[in-house]
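Here's the letter readout for the chains.
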Amino acid sequence: MRPEDVSVEVTPQYLPEQSEPEQQHYVFAYTVRISNHGTQAVQVVSRHWIITDANQAVQEVRGLGVVGKQPLLEPGATFEYTSGCPLSTPIGTMRGSFHCVSEDGHPLDVPIPEFVLALPRTLH
């Protein structure tokens with residue numbers, strides 16, 4: 001099994017009801033979709049996120065599983081979850097990787113492509 005056998009898609013969203021721009025507190029949700037295109041089951045063991053705000057402040061987050069789970073994806077299966085990220089700037093980026101193990105015991109690191117967290121633009 002190869003890292004490219006597992007795909008990751010992320011859809012970010014700004015949460016104005018949880019944000020306080022006057023306090024430099026911006027909250028974003030992101031929905032992650034992990035799909036197994038390989039021929040073996042694969043388990044998501046841990047995550048590593050690199051979060052960068054508009055001031056180039058970097059925060060790294062590592063931990064077991066995703067949203068408290070270590071999902072096992074059979075061939076052709078997809079796992080989706082939503083989480084959140086606060087920023088002190090109205091724009092930032094996230095990227096990272098999932099550490100997975102295939103059913104035959106081989107480890108693989110699946111990249112999470114960089115995506116942008118940003119307030120929606122208003123046209124006048």
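Residues numbered from 1 in each chain as written. Predicted model: local features only at pLDDT ≥ 70, side-chain atom pairs only at ≥ 80, totals over all residues. Heavy atoms only, no water.

Caption draft 1: Main features of the packing of aromatic side chains. Tallied over the full model, the rule gives 6 aromatic pairs. Ring centres of Y14 and F28 lie 5.4 Å apart, and the angle between their planes is 55°; on these two criteria the pair is classed as tilted. Within this pair, whereas Y14 is found in strand β1 (residues 6–14), its partner F28 is found in strand β2 (residues 26–36), the two being separated by 14 residues in sequence. Classification of Y14 as buried rests on a relative accessible area of 14%. Aromatic pair Y30 and F115: ring centres 6.0 Å apart, planes at 45°, arrangement tilted. Highlighted residues: Y30 in strand β2 and F115 in strand β8 (residues 107–118), separated in sequence by 85 residues. Exposure class is identical for Y30 and F115. Each is buried. (Phe/Tyr/Trp six-rings, centres within 6.5 Å; stacked < 30°, edge-to-face > 60°. Helix = DSSP H or I, 4+ residues; strand = E, 2+ residues; numbered from the N terminus. Buried < 20%, exposed > 50% of the residue type's maximum accessible area, 1.4 Å probe, protein only.)

Caption draft 2: Structural detail: the nonpolar core. Counting residues in each nonpolar core, the largest one holds 26 residues, and the members touching the most others are V32, I34, W49, Y81, M94 and F98. Taken together, the elements giving at least two residues each to this core come down to β1, β2, β3 (42–53), β6 (78–87), β7 (91–102) and β8. (Core = buried A, V, L, I, M, F, W, Y, C linked by side-chain atoms within 4.5 Å.)

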